[in-house]
Amino acid sequence: MGKESINIVWFKRDLRLRDHAPLVNASNEQAPTLLLYLFEPMLIESNHYGDRHWRFVYESLVEMQQELQDYNLKLHIACQDASELFRDLNRIYKIKCVFSHEETGIDLTFKRDKKLKKWFREEGIRWIESPTNAVQRGLMHRKNWRSNWQEIIDQPAEDPGLGLIQGVAESAKLKDILQSSRITKRFKQPNPNFQQGGEAAAWNTLNDFMFARAKNYNNNISAPGPARYGCSRLSPHLTWGNLSIRQVYRFSKEYYTDSGSKRDLRSFQSRLRWHCHFIQKFESEPRMEFENLNRGYNDLRGKVEREKVQAWKMGTTGFPMIDACMRSVKQTGYLNFRMRAMLVSFLTHHLWQPWQTGARFLGRQFLDFEPGIHYSQFQMQAGTMGVNTIRIYNPVKQSKDHDPDGLFIKEWVPELKDVPAELIHEPWQLSSMEQEMYDCRLGKDYPKPIIDDIKKSYKRASEQLWNKKKEQEVKQENKRILNKHVKKRRKTS
Ligand SMILES: Cc1cc2nc3c(=O)[nH]c(=O)nc-3n(C[C@H](O)[C@H](O)[C@H](O)COP(=O)(O)OP(=O)(O)OC[C@H]3O[C@@H](n4cnc5c(N)ncnc54)[C@H](O)[C@@H]3O)c2cc1C
């Protein structure tokens, strides 16, 4: 008897059952479909990811599994290498078609996909990859990108008829192949410090944002404490695909007419476009994971000073706002945009360290780690794209502007809990008597600042970056970057 023909839907960072083109494709086919998610050892071992990410994924999968039961379907979850598993499956079945979303990922997944594509071709297996995040593969320039984006986003959601999908029958052979017992127990343990994965949590967050929190979006976006409630907090759900960008955009558009906070919603909607814009950038130039986008900056920052990088990573720089932000993101996986930018600015400008010393580490802390946004933003803040305005954040000013009462600092840097608000932003100004009074002896209870003079470090970074901008190679690279990644501009006569 010949092998049974099957199709496979391979879930990756698209952990939902709605607006899902691969599921729609599977529902249009006659053959039984194996629904599959793989915890891949190469990603679990990669220093881009940590338990927080896999827990979020696991929570999303459990919810999908429960819902699929209503359709007599099962989501098969295993922990093993993708190439090996597909080979094993093809031994007991005849795989006709694999349906998945395109992935704009790190080098590891890019190489995996290249290898798989070759093998699928050799074996006569069709791999149908559907675009995601409105990202266009193989794009050479940005002409019409925005109008194309709008067109894709305005299309109706691709909701699958789950009832039309026929599952693959359970068998001992299949069970033997799928190594589900290797899924680490830690991924299965809930942790209330982090946002929970799954479509239900994602829709709750979206509803709550639209109907209760969006009205304060613009007011709260910059301050690290209020941003936790004032921003949408949708980013992990978008990263791991509990919701598609289209679902969120369309939902916000439906609500827009009746909304009393149109300006806030417009800001929010433009960020949904930025989401795709940055991923598109990475899709078109993935070497950004390792190298400066603008090659003219390659000789800018040289020596790595491990102690400084370590203090930044540990949240022990002696700058309260830097330390509070770092400790908070390590504990919760979240930080608002401005404070992420400030952390990068401190590392790359004030400490003058190459961005590569911190990019993976910080990505690993973000529950919403999205390679395309992360690497683009990291380089933008480090000034190695060349085409953006140079922005060097003063951590003391940020602290005074966005946490004037020191509440966020006190929450994350308990060593400073007794220091009055007016003194908390610059503890190095405390006299010996004040240090005793407020139980905060510098160098003992809380570190002395890692930089003696923040104005000097600002000046050095600013001079070097502005001088660089004038160099021929940087200018030439800027032209290339603008042509490739930015909307084509009209020629002026
Ligand atoms: C150094 C650095 C690294 C970053 N890394 C990531 C990352 O790995 N993953 C990630 O999703 N965002 C990243 N961002 C962008 C931004 O900080 C987060 O998207 C945002 O803070 C998430 O919170 P929110 O969902 O409440 O956002 P909201 O302000 O409610 O925005 C809604 C959505 O729009 C998108 N968005 C918002 N701001 C940006 C932005 N500046 N660029 C691109 N998309 C944006 C996100 O998908 C977000 O969920 C990074 C920013 C910096 C400066």
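Residues numbered from 1 in each chain as written. Predicted model: local features only at pLDDT ≥ 70, side-chain atom pairs only at ≥ 80, totals over all residues. Heavy atoms only, no water.

- An unreviewed UniProt entry lists the chain under the name Deoxyribodipyrimidine photo-lyase, with Halalkalibaculum roseum as the source organism.

1. Comments concerning the UniProt feature "domain: Photolyase/cryptochrome alpha/beta" (unreviewed entry) in the chain
Then, number 1: Per the UniProt record, "domain: Photolyase/cryptochrome alpha/beta" (unreviewed entry) is annotated on residues 5–135.
Then, number 2: Spanning residues 5–135, this segment combines 45% helix with 25% strand, and its end C-alpha atoms are found 32 Å apart. (UniProt positions renumbered as here; feature names shortened; annotations may be inferred. Helix = DSSP H or I, 4+ residues; strand = E, 2+ residues; numbered from the N terminus.)

2. Examining the site of the ligand
Then, number 1: Neighbouring the ligand are 26 residues, the closest being Tyr217, Ser232, Arg233, His275 and Asp368.
Then, number 2: Arg340 has a polar side-chain atom sitting 3.4 Å from an oxygen atom of the ligand.
Then, number 3: Here His374 contributes a side-chain N or O atom positioned 3.3 Å from a nitrogen atom of the ligand.
Then, number 4: For the ligand, whose unbound accessible area comes to 820 Å², protein coverage reaches 99%.
Then, number 5: Elements with a minimum of two residues in the shell around the ligand: helix 11 (235–239), helix 13 (262–284), helix 16 (337–350) and helix 18 (371–382).
Then, number 6: Counting residues per element, the shell around the ligand draws most heavily on helix 13, at six residues.
Then, number 7: Considered class by class, the residues forming the shell around the ligand number 16 nonpolar, five polar and five charged.
Then, number 8: Of the residues that make up the shell around the ligand, three or more belong to each of domain 2 (133–158 + 199–284) and domain 3 (289–485). (Near = heavy atom within 4 Å. Polar contact = N/O pair within 3.5 Å; in protein donor to acceptor, adjacent residues only side chain to side chain. Areas by Shrake-Rupley, 256 points an atom, 1.4 Å probe, with all protein chains shown as cover. Nonpolar A, V, L, I, M, F, W, Y, C, P; charged D, E, K, R; others polar. Domains from an automatic or database assignment.)

3. Topic: the sheet that holds strand 5 (residues 126–130)
Then, number 1: With respect to topology, five strands assemble into an open sheet ordered 3-2-1-4-5, the strand pairing being parallel. Since the sheet does not close on itself, it has two edges, and those belong to strand 3 (75–79) and strand 5, each with one partner. Neighbour-to-neighbour, the strand axes of this sheet turn through a mean angle of 30°, independent of strand direction.
Then, number 2: Pairing of strand 1 (residues 4–11) with strand 4 (residues 93–101), which is carried by six bridges, proceeds in the parallel orientation. Counterpart to Val9 in the pairing with strand 4 is Phe99.
Then, number 3: Of the strands in this sheet, strand 1, strand 2 (33–39) and strand 3 touch helix 3 (residues 51–69), which is tilted by about 160° from strand 2.
Then, number 4: Sitting on the sheet, helix 4 (residues 82–92) touches strand 1, strand 2 and strand 4, and the angle it makes with strand 4 is about 145°. (Pairing = 2+ DSSP bridges. Axes fitted to C-alpha atoms, helices over the stretch in contact; angles between N-to-C directions. Contact = heavy atoms within 4.5 Å.)

4. Observations concerning the side chain of Glu285
Then, number 1: One can find Glu285 in the loop between helix 13 and helix 14 (306–314).
Then, number 2: A polar contact is formed between the side chain of Glu285 and the side chain of Arg287, at a distance of 3.0 Å.
Then, number 3: Of the polar contacts made by the side chain of Glu285, one reaches the side chain of His485; its length is 2.7 Å.
Then, number 4: Setting aside anything within four residues of it in sequence, one finds Glu285 in contact with Leu293, Arg295, Arg480, Lys484 and His485.

5. As for the pattern of salt bridges
Then, number 1: What the rule picks out here adds up to 41 salt bridges.
Then, number 2: In this structure, the salt-bridge partner of Arg246 is Glu158, at a minimum N-O distance of 3.0 Å. One end of the pair, Arg246, is in helix 12 (residues 245–256); the other, Glu158, is in the loop between helix 6 (145–154) and helix 7 (172–177), with 88 residues separating them in the sequence.
Then, number 3: Its salt-bridge partner being Glu305, residue Lys308 comes within 3.4 Å of it at the nearest N-O pair. (Salt bridge = Lys/Arg side-chain N within 4 Å of Asp/Glu carboxyl O.)

6. Overview of the pairing of strand 3
Then, number 1: The element strand 3 is extensively covered by neighbouring structure, given that five of its five residues are classed as buried.
Then, number 2: Both faces of strand 3 are covered, namely the face carrying Leu75, Ile77 and Cys79 and the face carrying His76 and Ala78.
Then, number 3: As defined by bridge partners, strand 2 adjoins strand 3 across five bridges and the pair is classed as parallel. Considered in strand 3, the bridge of Leu35 is made with Leu75. (Buried < 20%, exposed > 50% of the residue type's maximum accessible area, 1.4 Å probe, protein only.)

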